[in-house]
Amino acid sequence: MGPKSASSPPVIVAPSLLSADFAHLADEVRAIESAGADWLHLDVMDGHFVPNITFGPMLVRALRPHTRIRFDIHLMIAPVDPFLAAFVEAGADLISLHPEAGPHLHRSLQTIRALGKRAGVVLNPATPLDHALTVLDMVDLVLVMTVNPGFGGQSFLPSQLPRIAALRRAIDDSGRAIRLSVDGGITPATAALVREAGADVLVAGTAVFGAVDRAGAISAIRGRGAGGPS
Ligand code: DX5
Ligand code: ZN
């Protein structure tokens, strides 16, 4: 892929709350908003679809009054349909789900959009691209997992780069304003690789919340680090 054209949408950086200090979540959200984060990525895990448990709509609702930042909800729960309305009511702006979370991906996406919110589809590292391609007319975002979901702090899987590039081409061919997100093992170094492959939303937990200089980390992931704009 060549450099982005002047008309390319700006790169979004979405810190993942999973790596925040859970004893001070409202402070953490305000801090990363001040540090320049664009969206807040919220990982919802049920201990069943993925081998970890995090939080549900009550926490989303509790955080909503503390920030104006967009809430990017990543659902790793099964079933997913019974909880969509609760996350919308709690303050979600965008809800993404995995095709494996239920038998009716298309219906689940319809439900999110009927509730007035933006919808995304998430691909695990071994999920065929077709699961996203067949619903491209239904989504506002495609999220490629660059680790297996469940935990922060894992190593980036380079095997996902050609998949990101293929989705970039498919999205461009569609002519629709669909965001292409990546999630897992994103650091300033891997961010450069996924941006080059065509990603324009970068989720990062450890690399932002674990940084002493969070504003610097967000800028570096966005591609405006010490090396200058890219
Ligand atoms: C993993 C989550 C990620 C996680 C990323 O299941 O979906 O959002 O927080 O964490 P890092 O950036 O540390 O890999
Ligand atoms: Zn996530």
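Draft legend 1. Representation of the packing of aromatic side chains. According to the stated counting rule, one finds one aromatic pair in the structure shown. Centroid distance Phe22 to Phe55: 6.3 Å. Interplanar angle 45°. Geometry classified as tilted. Linking Phe22 in the loop between strand 1 (12-15) and helix 1 (25-34) with Phe55 in the loop between strand 2 (39-45) and helix 2 (57-63), this pair joins segments that are 33 residues apart in sequence. On the accessibility criterion, Phe55 (11% relative accessible area) is buried. In this structure, Arg64 packs its charged tip against the face of Phe71, placed 3.7 Å from the ring centre.

Draft legend 2. Unusual backbone geometry, seen in detail. Cis peptide bonds are those with omega within 30 degrees of zero, and the linkage from Ala78 to Pro79 qualifies with 0°. Along the chain, Pro79 turns up in the loop between strand 3 (70-76) and helix 3 (84-90).

Draft legend 3. Focus on the coordination of the zinc ion (ligand 2). Within the protein, the zinc ion (ligand 2) binds to His41 (NE2), Asp43 (OD), His74 (ND1) and Asp183 (OD); these donor distances fall in the range 2.0 to 2.3 Å. Around the zinc ion (ligand 2) sit six donor atoms, and with donor-metal-donor angles ranging over 69 to 168° the site reads as octahedral. All donor residues of the zinc ion (ligand 2) come from one chain, and their arrangement in sequence is H-x1-D-x30-H-x108-D. You can see Asp43 sitting in strand 2 and its partner Asp183 sitting in strand 7 (residues 179-183), a full 140 residues away along the chain. Take Asp43: its relative accessible area is 4%, and that puts it in the buried class.

Draft legend 4. Expanded view of the side chain of Arg179. Topologically, Arg179 is positioned in strand 7. In terms of polar contacts, Arg179 uses its side chain to reach the backbone carbonyl oxygen of Pro10, at 2.8 Å. Polar contacts involving the side chain of Arg179 include one to the main-chain carbonyl oxygen of Asp200, which spans 3.2 Å.

Draft legend 5. Main features of the packing of helix 7 (residues 188-197) against helix 9 (residues 214-222). Here helix 7 crosses helix 9 at 30°, and the two axes come no closer than 8 Å. As the angle between them shows, helix 7 and helix 9 are arranged roughly parallel. Between helix 7, through Pro188, Ala191 and Arg195, and helix 9, the contact on the second element is made entirely by Ala220, Ile221 and Arg222.

Draft legend 6. Just the nonpolar core, in detail. Ranked by size, the top nonpolar core spans 70 residues in total, and within it Ile73 and Val142 carry the most contacts. Of all the elements, helix 6 (residues 161-174) adds the most residues to this core, at six residues. Once you skip the residues sitting within four places of it in the chain, Val142 turns out to touch Val121, Ala132, Leu136, Leu167, Ile171, Ile178, Arg179, Leu180 and Ser181. Residues Ala14, Leu143, Met145 and Val201 belong to the second largest nonpolar core, which totals eleven residues.

Draft legend 7. Representation of helix 7 in the model. Of the positions making up helix 7, those classed as buried are Thr190, Ala191, Val194, Arg195 and Ala197. For helix 7, the angular spread of buried residues about the axis comes to 155°, placing them on one side. Of the surrounding secondary structure, the elements contacted by the buried residues of helix 7 are helix 6, strand 7, strand 8 (201-204) and helix 9. Gly198 sits one or two residues past helix 7 and shows a positive phi near 120°.

Each value, and the rule that gives it
- Residues numbered from 1 in each chain as written.
- Chains lettered and ligands numbered in written order.
- Predicted model: local features only at pLDDT ≥ 70, side-chain atom pairs only at ≥ 80, totals over all residues.
- Heavy atoms only, no water.
- Phe/Tyr/Trp six-rings, centres within 6.5 Å; stacked < 30°, edge-to-face > 60°.
- Helix = DSSP H or I, 4+ residues; strand = E, 2+ residues; numbered from the N terminus.
- Buried < 20%, exposed > 50% of the residue type's maximum accessible area, 1.4 Å probe, protein only.
- Lys NZ or Arg CZ within 6 Å of the ring centre and 35° of its normal.
- Donors = N, O, S within 2.8 Å, 3.2 Å for Na, K, Ca; no water.
- Tetrahedral: all angles 85-135°; square planar, octahedral: opposite > 155°, others 65-115°.
- Polar contact = N/O pair within 3.5 Å; in protein donor to acceptor, adjacent residues only side chain to side chain.
- Axes fitted to C-alpha atoms, helices over the stretch in contact; angles between N-to-C directions.
- Parallel < 35°, antiparallel > 145°, perpendicular 65-115°, else oblique.
- Contact = heavy atoms within 4.5 Å.
- Core = buried A, V, L, I, M, F, W, Y, C linked by side-chain atoms within 4.5 Å.
- Arc of directions from axis to C-beta.

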